[in-house]
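Residue-level listing of the chains:
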Amino acid sequence: MSETGNRLRKLLESPNFDPQNYVKQLSQQSDGDRDLQEHRQKIQNLADETAQNLKKNVYKNYRQFIETAKEISYLESEMYQLSHILTEQKSIMESITQALLSTDKDETSKEMQAAFPKETEEVKQRTLTSLLEKVEGVKNIMDTPGRHLIYNGDLAEFDVDNMSPIQKVHAFLMNDCLLIATWLPNRRGTVKYKYNALYDLESFAVVNVKDNPPMKDMFKILMFPDSRIFQAENSKVKKEWLEILDETKKNKVSKDRHKKEEEVPTSPVRAEVSTNPFDMDDDEDTVDGEESVNLSLEWIQELPEDLDVCIAQRDFEGAVDLLDKLNEYLRDQPVTPKVKELRGKVDERVRQLTEVLVFELSPDRSLRGGPKATRRAVSQLIRLGQSTKACELFLKNRAAAVQTAIRQLRIEGATLLYIHKLCNIFFTSLLETAKEFQMDFAGNTGCYSAFVVWSRSAMRMFVDAFSKQVFDSKESLSTAAECVKVAKEHCQQLTEIGLDLTFTLQSLLVKDIKAALQSYKDIIIEATKHRNSEEMWRRMNLMTPEALAKLKDEMRSCGIHFEQYTGDDCWVNLSYTVVAFTKQMMSFLEEGLKLYFPELHMVLLESLREIILVAVQHVDYSLRCEQDPEKKAFVMQNASFLHDTVLPVVERRFEEGVGKPAKQLQDLRKSTRPVRINPESTTSVV
């Protein structure tokens, strides 16, 4: 046997092994079914032995696997931190370089504009006009004076949630806005695109999306409260888009700042001499009002630069502290031109800080660390007065984290084990998110309604995964009942924080549970009808005392008194059909009560009624058709067992599980009440 096993192992391990030829030769050489069964057993033993060896190897290296996984996790965290530090250093160096070169660039650009003012403007506008002729619905784009084209190109738009392709677009970047036009595939002529959206450069932020093959060369545009993802043709085009978008946004900010500075008169103007003394008093008051705001303090002069440093070093708390300090200082001060100028500089930094905080909460960032990892960015957004945006971004981040955790859960082993893991992951995440939400938004009660809506959508995500594994895979009713019971128990944990989603869970599951009950009811009815067709109305012989004792225990667990129908031997004074029906119906009742909630009351009740009717009608038909007096008496005994023993237990157990009596079952029992009959009579029930 050992030599045969070794030979078989070598044959299966050979690199030139062909399963089809092997089976073909085996079927030709075998003497019959017995030979094939023996060979199948050998292969099965070899498979079991291989599985045991594999399991031993896994257990042997289990600790090493765990240590390796931890080291990989630590290394990944360190690499992420290193990448983050390098990115910060790069941004600091770029900001320093930009600050040093900004003066030279401004002077050079002014000289170029002075040298070629009309030609450059006309060429850019002519190029933009010729391109916009291919876009439908953009007649008013050129109405804004000075608007010209910076960059354009084809992009592919993807869905933010599931990363599926949506449509082809063509983007036009102008000096003050970004135009998105969709591609018209079946359009002939000059018009090839249709207007989709127009975004001001200050209304969105551009975020690089990390490559995750096959999803690569992508970048995201964040516009509160939405976002869009675009894919460039290659990495070079993507880099050009990111650099040109960033440069254009900076140029627009710089241009707007220069406009504000030019609006404030800096050249000395000779004041008119007035002889009215009241006019002189008014002038003195104005000067006194302007000079009453002292902006020469060192920390105020250095405030814009300090904010830039805090943002570059990711010191969000320090940046918000500086802003609070400035707001406190200027709270009761008059609004002078110098204050307005300072406010303009600070507002630009506030916008940059908000963009960074929004990016910190975006789902593209690492979702590790749980809800506590978002506390820093959320708290600073709330301090900036943007609690609504903070709430929305926090919930989006947590939704992505929950969805990722569910997707990463492997479907392996028994269904009940998977549901235990799924419930543990989902409801633990939901509980942690709720506690963190209460902590972060304690003073913003208006955001709680948004959390309730988010919880319902998260529950819908959970039920989709739950139903796909439990109901779509056609599991048994007992397994489905246990899984639903586990989900209900985990859902009750949320009540400790005042969140009860039990009704939401039940309303989402009612359709699948109803279908499962009706499907199992049909199976029982078909099985009962099949047994009824082969009914011989003979006593049941269990052959051994152990089998009889087991049947008694099963009936006792169902609440049915069974001793009066058994004797000292292994015979039961009931037919096999009635006993099998009783066991199957009581099992259906118990599993149905585990799945029960008020919306399923009539479904469960009608299912029980239909199942009972099949058995009762069969007994009634047998009583009317049976001619043998002994068999007729035996049928009557089975009818009495169903009416006097089984149906009362069903009614009582249903009432205990539901909390109210089952009137339909009571009426059914009364309408099928058996009576003592004469063996020659054909009347059996009243």
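The preceding data block contains the structure.
This one's a predicted model, so the numbers in the text were calculated from it and none came from an experiment.

Enquirer: Report on the overall build of the chain, specifying residues and quantitative values.
Expert: Looking only at helices and strands, one finds 22 helices and 10 strands in the chain. Buried residues in the chain amount to 36% of all 686 residues. Taking the intrachain contacts of the chain between residues at least 6 apart in sequence as the baseline, contacts between residues at least 24 apart amount to 66%. Counting only carbon and sulfur atoms, one obtains 52% of the accessible surface of the chain, whose full area is about 41,500 Å².

Enquirer: Residue-level account of the side chain of Thr374, with values.
Expert: Within the secondary structure, Thr374 sits in the loop between helix 11 (337-361) and helix 12 (375-383). Among residues more than four places away in sequence, those in contact with Thr374 are Leu361, Phe394 and Asn397.

Enquirer: Can you lay out the sheet that holds strand 5 (residues 193-200) for me, pointing to particular residues and giving the numbers?
Expert: The strand order 1-5-4-3-2-8-7-6 describes an open sheet built from 8 strands, whose pairing is mixed. Unpaired on one side and paired on the other, strand 1 (135-136) and strand 6 (205-209) mark the two borders of the sheet.

Enquirer: Please provide a residue-by-residue account of the pairing of strand 6, values included.
Expert: Residue alternation in strand 6 divides its side chains into a buried set, Ala205, Val207 and Val209, and an unburied set, Val206 and Asn208. Bridge analysis of strand 6 against strand 7 (residues 218-223) gives 5 bridges, and the strand direction is antiparallel. Looking across to strand 7, one finds that Val206 is bridged to Ile221.

Enquirer: Break down unusual backbone geometry for me, with residues and values.
Expert: Located in the positive-phi region is Asp217, a residue other than glycine, with phi close to 60°. With respect to the element layout, Asp217 can be found in the loop between strand 6 and strand 7. Note on Asp217: relative accessible area 9%, which makes it buried.

Enquirer: Tell me what's going on with the packing of aromatic side chains, and back it up with residues and numbers.
Expert: Across all of its chains, the model carries 19 aromatic pairs by this definition. Each ring, one from Tyr151 and one from Trp241, has its centre 4.9 Å from the other, and the planes form 85°; the classification is edge-to-face. Placement of Tyr151 in strand 2 (residues 149-158) and of Trp241 in helix 6 (residues 235-263) is noted, with a sequence separation of 90 residues between them. Exposure class is identical for Tyr151 and Trp241. Each is buried.

Enquirer: Could you give an account of the side chain of Glu651, naming the residues involved and the relevant values?
Expert: Along the chain, the position of Glu651 falls in helix 21 (residues 629-658). The buried category is assigned to Glu651, whose relative accessible area is 9%. Apart from residues lying up to four places away in sequence, Glu651 is in contact with Leu665, Gln666 and Arg669.

Enquirer: I'd like a rundown of helix 18 (residues 545-557), residues and numbers included.
Expert: Compared with the 18 Å implied by 1.5 Å per residue over 13 residues, the 18 Å span of helix 18 between its first and last C-alpha is a close match. Along helix 18, the residues that are buried comprise Leu548, Leu551 and Met555. On an axial view of helix 18, the arc spanned by its buried residues comes to 60°, and they lie on one face. The exposed residues of helix 18 that point more than 90 degrees off its buried face are Glu546, Lys550 and Ser557. Considering only its buried residues, helix 18 is in contact with strand 10 (571-572) and helix 19 (576-594). Looking one or two residues beyond helix 18, the residue adopting positive phi is Gly559, at roughly 90°.

Enquirer: So what about the packing of helix 19 against helix 21? Which residues, and what values?
Expert: At their nearest, the axes of helix 19 and helix 21 sit 11 Å apart, and the two run at 5° to each other. Comparing the axis directions of helix 19 and helix 21 gives the class roughly parallel. Counting all contacts with helix 19, which are made through Val578, Phe581, Thr582, Met585, Met586, Leu589, Glu590 and Leu593, the residues of helix 21 involved are Asn638, Phe641, Leu642, Val646, Val649, Val650, Arg653, Phe654, Gly657 and Val658.

Enquirer: Quick rundown of the nonpolar core? Include the residues and the values.
Expert: Core analysis: the largest hydrophobic core is formed by 125 residues, its most contacted members being Phe462 and Phe466. When residues of this core are assigned to their parent elements, the largest contribution, 12 residues, is made by helix 21. Beyond its immediate stretch of four places on either side in the chain, Phe462 contacts Leu422, Cys423, Phe426, Phe427, Ala487 and Leu505. Counting 19 residues, the second-largest nonpolar core is a separate cluster that includes Val169, Ala197, Leu201 and Trp241.

Enquirer: Give me the lowdown on the pairing of strand 3 (residues 165-174), citing residues and values where you can.
Expert: Here strand 2 pairs with strand 3 via 9 bridges, running antiparallel. Directly across from Asn152, in strand 3, lies its bridge partner Phe172. Taken together, strand 2 and the strand that follows it, strand 3, pair antiparallel across an intervening segment of 6 residues, in which Met163 is found at a positive phi of about 55°. Both strand 3 and strand 4 (residues 177-183) contribute to a ladder of 5 bridges, which runs antiparallel.

Enquirer: Summarise the environment of Val646; cite the residues concerned and give the values.
Expert: Note on placement: Val646 falls in helix 21. The residues contacting Val646, other than those within four sequence positions of it, are Ile560, Thr582, Met585 and Phe641.

Enquirer: Kindly report on the pattern of salt bridges, identifying the contributing residues and their values.
Expert: In the structure shown here, the tally under the stated rule is 26 salt bridges. A salt bridge links Glu496 to Lys435; its shortest N-O distance comes to 3.9 Å. With a gap of 61 residues between them, Glu496 in the loop between helix 16 (477-492) and helix 17 (502-533) and Lys435 in helix 14 (residues 415-440) connect regions that are remote in the sequence. Taking relative accessible area as the criterion, Glu496 reaches 56% and is therefore assigned exposed. The class for Lys435 is partly exposed, based on a relative accessible area of 41%. Between Arg556 and Asp553 there is a salt bridge, with its nearest N and O atoms 2.7 Å apart. With Arg556 and Asp553 both in helix 18, this residue pair falls 3 residues apart, about one helical turn. By relative accessible area, which is 46% here, Arg556 ends up partly exposed. Connected via shared salt-bridge partners are Glu202, Lys252 and Asp256.

Cut-offs and rules
Residues numbered from 1 in each chain as written. Predicted model: local features only at pLDDT ≥ 70, side-chain atom pairs only at ≥ 80, totals over all residues. Heavy atoms only, no water. Helix = DSSP H or I, 4+ residues; strand = E, 2+ residues; numbered from the N terminus. Buried < 20%, exposed > 50% of the residue type's maximum accessible area, 1.4 Å probe, protein only. Contact = heavy atoms within 4.5 Å. Areas by Shrake-Rupley, 256 points an atom, 1.4 Å probe, with all protein chains shown as cover. Pairing = 2+ DSSP bridges. Phe/Tyr/Trp six-rings, centres within 6.5 Å; stacked < 30°, edge-to-face > 60°. Expected span 1.5 Å × (residues − 1). Arc of directions from axis to C-beta. Axes fitted to C-alpha atoms, helices over the stretch in contact; angles between N-to-C directions. Parallel < 35°, antiparallel > 145°, perpendicular 65-115°, else oblique. Core = buried A, V, L, I, M, F, W, Y, C linked by side-chain atoms within 4.5 Å. Salt bridge = Lys/Arg side-chain N within 4 Å of Asp/Glu carboxyl O.

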